[in-house]
Every structure is written in C-alpha cells, then in structure tokens.
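For reference, the chains in residue letters:
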Amino acid sequence: MEVGGGPPACLPDLLAWMDTLGRQKNTLSIMHTAVEMRLIALCALLAVAAPGSLCERRNPQVCREQDPALACAPGLVCRRGRCQEPECTDHAGCRDGARPICSQHICVGCESDAQCRQRDPTAPFCQSGRCVACARAADCSDGLRPICDAQSGTCRACLRHSECAPGVCAKDSLLSDLPGPLAIPAGSCVPPERVLVVDAARCVPPHLCSAREALDRVSPMQPYIVLRSGQGAMFTDLAVPGPNNTSGLRVVHLIGPMADTPPTQARTRPVTLGSPLSRALLVRSGHHLVVEGLHIEGGVTGVECAGMAQPEATRLEVLRSVIGNTEVGILANRCHVVIQESWIGAGFPPLFGGMLGNRLALKLVNTRFVIENVVLFRNGLLGFGGIDLVYDPMWQGGLSYIVNSTIAHHSAPSASGAVSLECNTSVTDHLVVFNTFIYNDLLRWEMHPTRHIAPACRPQVSALATNDPDLARESSDIVLVRTDAEAGLSDPRAGNLRLRADAPTSIAEGGVQRFERGSVEIVAPRTDIEGTPRGQRRPGHVSIGSFEAPGP
C-alpha cells in the first residue's frame, strides 16, 4: 500500500496509512488527528452497516510497531510500517562493518563500547558507529603491533618514527636476530632506554651534546642514535663506530629529523653533517650503518664506506637524506650500498638554501649497489658529474641496479667521459638500469652533444628516458628513447622534477613494474620518492623517473 493512492478501506489499514503519511510529510498536527478520527468513525459505521466488508480484512504487508492488531505474520518483522524479512537475528548476522549491531532485527551502527564487547571481545571499542579493535595506542598491547591505525581501528606495526613515543620505530629487521632480550623486532617501537639522543640545544642528561660521544657509546643495548636539530647542530668527521667503541656492535642506526619525510617535502630544519676540509661520516670495515633523514653538506666527502675483501661485510644504507659536498657525495670501496628516496646534488627546495651540487655525486669502487627513487641533479660543476663506477677486471660482486631515478643536468670538464654514468671497464652483466631519466647533461668545455652513459658501461636498460644521441642509435629492443625527455617535467631548470599530469604516455606510463635479468627479477618500488603509489595510471605500468605522474 503506497501513500498517495487514496485511503485504504479498513480500520487497520487506515491507521497504518495515516501513520505513514504523517511521518513522510512531518504533519502530525491537530488537523491530522481530526482527519484520523473522522476516518475511524467512518470505518466503524461501515463495519456496523455491512458486516464482513473490506474493513474486516487487513493488508498483510502493512504493520504498526507495538500494536498487536497490526502485527506481522510469523517470521516477518515490522520496519517503517511494512512487514519485511528480518535483516538479522543476532549481532553475528550483521557483517557490514558500518552497521555491526543487530537491534530489533535490523543492523545498525554501534552506540557504545558495551555493545561492541558483547558482539565481539576482539573488537570492543565503538568508533563512529563501527566496532574496532583499538581506539588509541594504549589499546595495543602486542609489542609487534604497537600502533592503533586511525582508519581501520586495528593494531599494526609502526611505520614512522613519529608514531612511537620514544621517537624511534624499528623499520627494518637488522636487529631482530640479536640474542635474547637484545633483539628489536621489525615494526616495534624501540624502548627509550635503548636510544641515544644527541641534542645540541639541550645537552643535559640524558641527552648528549655531540654525535662523536654517541658513536663512542653506541652498543647492542643502545644501537640507535637520534640527532635532533638545534643551534649548533652540525657534526663532522664522524666514524662508525667511534674510535673508542669496543662494544662489538655491527649495526648502527643514525636518525635525523627528516627521517619520516620525503626530502622534497622537508619542513623541519635539518641536522647537518659536514664542514670544509673534512669528511662528514665514515663507515668502518665490517659494520652496517643506516643513515635516515640527514642533511650532509659542505664536507670534502659526504659519506665514505671503507670495506675490505668481502663487499657484503660492510654495508651502507642512505634513506630520505640530502647530500651536497665539495668533492664526492658518497664514496664506497668494497661495500654494499643502498640509496633510497634521497636527493644528491643541487637545486633543492628553499629550506636548504643555495646548496651546490657535488663535484661527483657517487663514486663506487668494487661495490654492489641499489639506487632507487633517487634524484641526482646538477652535480659536476667542479668536475665529473653523476656516477663513476670502478671495477677490477675480475670483479664478481653480483648484480647492481638503478631503478626509478632521475639523473640530470650534470656537467663535466671534457669529452673524455660521460657525465651521468661512467665506467672504467665493461660492466658485462653486473648492471641494470630501468625506469630512469638520464638526460640533458653537458660538457662545459665542448660544443658537440655528449653521451650520458659511457660505452664501457653498456648496461641492460629498459624504459630509459634520455636525450643521449648515442643511445638513440642503440639497436636493442629493450631501450625506450625519448629525445624530448624533459617534456613531462614541471620545471626542470628550476629543480622541480615532478611529472606533469599531461606528461607523454611513454613517460607517464612507459615504465615497467618488473624487469628480469637472467634468474634475477627486479621489482619497481611500490611508491615514488614522495610516497605516491606506483602504477596508479595504468595497471602493470609505472612512470619513468623518481616521481609518479599524477592520476588522469
């Protein structure tokens, strides 16, 4: 029975019809009551005058809650004046997370924690009508899942240092295999007593005044060092571990204030490592250093990794950092180096002022490396430029690769070598480059076009955006060449290397998510340098370079 089709012909249906009409039109007034009384009187007269008429029959689809005369047939429930199948008989029947509670056979949102506890003890908190496992971090008692995710209401592992009250999240599993209680599982918040804090602005216990003091004290009990900003927060000529450290610790984490922030979006004044005529940081042989969120500028060398016979024994990871030095940004000899989500060179946002590029961004000697989501920009003003790879002829250190990076606007003093990627000998099958910009380099003292990748490098390359005339003549079918490599960039001359929404398809969607080299499969990073998910424009494809193109 629909309102508006004329009044029904029996007393129960009249009552239901009037009740529905009043709710729909919000006119429960004296007039409505008077009309209802006249209709009831009329129906009563009809019942007396004509027993067995339509007023004695009722519509089985019409109901009125808490009125036995208008009750629904067994198995049906009354909902909004209509007899319907029950939506639920208990809370378990409500599977929609937004309506978890069964109330009068209808699934509705929760109104109290008590309802949620009754429904499911593992999701005892009511938040915005949903029953969730946690409402705050204090509700998460599992040390491996210490963070209450605000969106899902579930406990999860930490992802950022800022999520943990001590200020350090164990983002990796490097210390998870320490013996017994010394172990720090990945995804857990590091206890504050296991963190050394260096704060130049407040160097009173328990804070330390210098990074050198912290590196002398670092140990398996305190393997994390946090460098906080403040006046005079500049450290230089540091060694890992410190010269007076005898603890035997092999893994050290050095964390700065930009550790949770993409380098292109940094808003916190950085802690700076480096000063003229010195190196900023040295990783000694046999140790593993993780550098996060630091500004390394002004030294002769930014970070130096000095290994020995076995490259894997000495490791360096540089994450979300900014590096610009007078000589070499990162120098590694017989190490394993990983550089991710970092900016090496000049042209950085105003927070860092007019930082000059390195004379040479990277020099890697007999070193296995991964360069991922990295910008190398405007290096070489005083010398070589981009990346210099030096190998012994018989070196067998495994596969290295450069993926989803941007290597651009470097310069070199002569035509003797390339300005983006130079090799002293053939890399044979040691190097893979894919999803990467290599473009617009120049030889400052030569007028003819330059080559960006030296012939000796001859790496396996896939989806490579470049304006190198030599690479344009390559016959390999796995090379994608763009002579207009800058066409999709926002403002490359000013250092804005983000892709535009209207970037050419071959740049915005020309990358590959996977690249196979022999038995090794290399997977493109899941996000770009700023955390934007890869492959958002077309499934199976990613943008070339450090930045993912905006969605269409």
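Each chain carries its own residue numbering, running from 1 in the direction its sequence is written. Local features in this predicted model are restricted to residues of pLDDT 70 or higher, and side-chain atom pairs are both shown and tallied only at a pLDDT of 80 or more, whereas totals for entire chains, interfaces and linings draw on every residue. Side-chain descriptors were evaluated using all non-hydrogen atoms of the structure, hydrogens and water having been removed beforehand.

Asks: Any chance you could explain the overall build of the chain here in plain terms?
Replies: A helix here means a DSSP run of H or I that spans at least four residues, while a strand means a run of E at least two residues long, and both kinds are numbered starting from the N terminus. When you go through the chain residue by residue, the secondary structure sums to six helices and 40 strands. Here the chain, with 552 residues, has 50% of them falling under the buried criterion. Whether two residues are in contact is decided by their heavy atoms, any of which lying within 4.5 Å being enough. A separation threshold of at least 6 residues defines the contact pool for the chain, and within that pool the share at least 24 residues apart is 61%. Accessible surface area values rest on a Shrake-Rupley calculation with a 1.4 Å probe, where residue burial reflects the displayed protein chains alone. For the chain, the exposed area adds up to about 25400 Å²; of that, 54% sits on carbon and sulfur atoms. Each residue is assigned to one of three classes by its accessible area relative to the maximum for its type, calculated with a 1.4 Å probe on protein chains only: buried under 20%, partly exposed between the two thresholds, exposed over 50%.

Asks: Explain the sheet that holds strand β15 (residues 279-283) here, please?
Replies: Pairs of strands are assigned from DSSP output, requiring at least two bridges between the strands. Reading across from one edge, β12-β15-β18-β21-β24-β27-β31 is the order of the seven strands in this open sheet, with parallel pairing throughout. The strands lining the two open edges of the sheet, one partner per strand, are β12 (238-240) and β31 (421-423). Ignoring which end each strand starts from, the neighbouring axes of this sheet average 10° apart. Note: strand β18 (residues 301-306) against strand β21 (residues 328-333), five bridges, orientation parallel. Across the sheet, Glu304 pairs through a bridge with Leu331, a residue of β21. Where helices are involved, their axes are fitted lines through C-alpha atoms of the stretch in contact, as for all axes, and angles between N-to-C directions lie from 0 to 180°.

Asks: Can you walk me through the state of the cysteines in this structure?
Replies: By definition, a disulfide links two cysteine residues through a covalent bond between their sulfur atoms. The definition used for a disulfide is geometric: two cysteine sulfur atoms within 2.5 Å. Within the structure shown, the criterion is met by twelve disulfides. A disulfide bridge connects Cys423 with Cys457, and the sulfur atoms are separated by 2.1 Å. Torsion about the S-S bond of the Cys423 and Cys457 cystine: about 105°, corresponding to right-handed handedness. Note that Cys423 is positioned in strand β31 and Cys457 in the loop between β33 (442-443) and β34 (460-466), a separation of 34 residues in sequence. Accessibility assignment for this pair places Cys423 and Cys457 in one class, buried.

Asks: How should I be thinking about the side chain of Arg537 in this particular structure?
Replies: Turning to its location among the elements, Arg537 is positioned in the loop between β39 (520-523) and β40 (541-542). Pairs of N or O atoms are called polar contacts if they sit within 3.5 Å, as long as, within protein, a hydrogen donor faces a hydrogen acceptor (for residues adjacent in sequence, only side-chain-to-side-chain pairs). In this structure the side chain of Arg537 is engaged in a polar contact, spanning 3.4 Å, whose partner is the backbone oxygen of Ala501. In this structure the side chain of Arg537 is engaged in a polar contact, spanning 2.7 Å, whose partner is the backbone oxygen of Pro550.

Asks: Which parts of the structure should I look at to understand the pattern of salt bridges?
Replies: Close approach of charged atoms lets side chains of opposite charge pair. By convention in these notes, a salt bridge is any Lys or Arg side-chain nitrogen within 4 Å of a carboxyl oxygen on Asp or Glu. Going through the model one piece at a time under the given rule, you end up with 23 salt bridges. One salt bridge connects Glu292 with Arg320, and the closest N-O pair in it is separated by 2.7 Å. Here Glu292, found in strand β16 (residues 288-292), pairs with Arg320, found in the loop between β19 (315-319) and β20 (322-324); they are 28 residues apart in sequence, far enough to count as distant. The exposure classification of Glu292 matches that of Arg320, with both residues buried. Salt-bridge contacts for Asp392 lead to Arg334; the nearest nitrogen and oxygen are separated by 3.0 Å.

Asks: Any chance you could explain the nonpolar core here in plain terms?
Replies: In summary, soluble globular proteins display a tendency toward joint burial of nonpolar side chains. Residues belong to a common nonpolar core when they are buried Ala, Val, Leu, Ile, Met, Phe, Trp, Tyr or Cys residues joined through side-chain atoms within 4.5 Å. Counting 61 residues, the largest nonpolar core has Ile225, Leu227, Leu273, Leu281, Leu316 and Leu362 as its most contacted members. In contact with Leu281, other than residues within four places in its own chain, are Leu238, Val240, Leu254, Leu273, Leu289, Val291, Gly302, Val303 and Glu304. Counting residues in hydrophobic clusters, the runner-up holds 19 residues, among them Val375, Leu499, Ala503 and Ile544.

Asks: Even after reading the chapter, I still don't get unusual backbone geometry, so can you show me in this structure?
Replies: For residues that are not glycine, phi is negative in most cases, and the peptide bond is trans in most cases. Geometrically, the link from Val240 to Pro241 is a cis peptide bond, its omega value of -10° lying close to zero. Within the fold, Pro241 resides in the loop between β12 and β13 (251-255). You will see that Gln104, though not glycine, has its phi angle at about 55°, which is positive. Residue placement: Gln104 occurs in the loop between β3 (101-103) and β4 (106-108). Judged by relative accessible area, which is 62%, Gln104 ranks as exposed. The backbone phi angle of Asn373 is positive, close to 55°, even though this residue is not glycine. Along the polypeptide, Asn373 turns up in the loop between β25 (368-372) and β26 (375-377). On the basis of relative accessibility, which here comes to 2%, the residue Asn373 falls in the buried class.

Asks: Would you mind showing me how to read the packing of aromatic side chains here?
Replies: Note on aromatic pairs: each is described by the distance of the centres and the angle between the planes. Only centres within 6.5 Å qualify two rings of Phe, Tyr or Trp (six-membered ring in Trp) as a pair; their planes then separate them into stacked at under 30 degrees, edge-to-face at over 60, and tilted for everything else. What the rule picks out here adds up to four aromatic pairs. Plain terms: the ring middles of Trp343 and Phe377 are 6.1 Å apart, the flat faces sit at 70° to each other, and that makes the pair edge-to-face. Placement of Trp343 in strand β23 (residues 343-345) and of Phe377 in strand β26 is noted, with a sequence separation of 34 residues between them. No difference in accessibility class separates Trp343 from Phe377, as the two residues are buried.

Asks: Just to check I follow, could you spell out the environment of Leu277 for this structure?
Replies: Positionally, Leu277 belongs in the loop between β14 (272-273) and β15. The class for Leu277 is exposed, based on a relative accessible area of 82%. Once the C-alpha coordinates of Leu277 and Gly298 are considered, the two residues, 21 residues apart in sequence, prove to be 8.6 Å apart.

Asks: Is there a simple way to explain the side chain of Gln222 in this structure?
Replies: Position of Gln222 among the secondary structure elements: in the loop between α4 (211-217) and β10 (224-228). At 3.2 Å, the side chain of Gln222 and the backbone oxygen of Glu193 are in polar contact. Those residues within four positions of Gln222 in sequence are excluded, and the remaining contacts are Glu193, Arg194, Val195, Leu196 and Arg217.

Asks: Where do I start with the environment of Pro241 in this structure?
Replies: You can call Pro241 buried: its relative accessible area is 8%. Taking the C-alpha atoms as reference, Pro241 lies 7.5 Å from Val218; in sequence the two are 23 residues apart.

Asks: Explain the pairing of β10 here, please?
Replies: Residues in a regular strand project their side chains so that they alternate between the two faces of the sheet. The element β10 is largely enclosed, with a buried count of four among its five residues. Inspection of the sheet shows strand β9 (residues 195-199) paired to β10 by five bridges, in the parallel sense. When the sheet's bridge partners are listed, Val195 is paired in β10 with Tyr224. Following the backbone out of β9, through α4 and into the adjacent parallel β10, one traces a crossover that is right-handed. The pairing of β10 with β13 spans three bridges and is classified as parallel. Directly across from Tyr224, in β13, lies its bridge partner His253. Note on handedness: a clockwise path from strand one over the helix to strand two, with the strands aimed away from the viewer, defines a right-handed crossover.

Asks: When you look at the pairing of strand β27 (residues 385-390) in this model, what are you seeing that I'm missing?
Replies: For β27, a buried count of five out of six residues is recorded, marking the element as mostly surrounded by other parts of the structure. Here strand β24 (residues 360-365) runs beside β27; their pairing, made up of five bridges, is parallel. Counted as the bridge partner of Val365 is Val390 from β27. In terms of strand pairing, β27 meets β31 through three bridges, oriented parallel.

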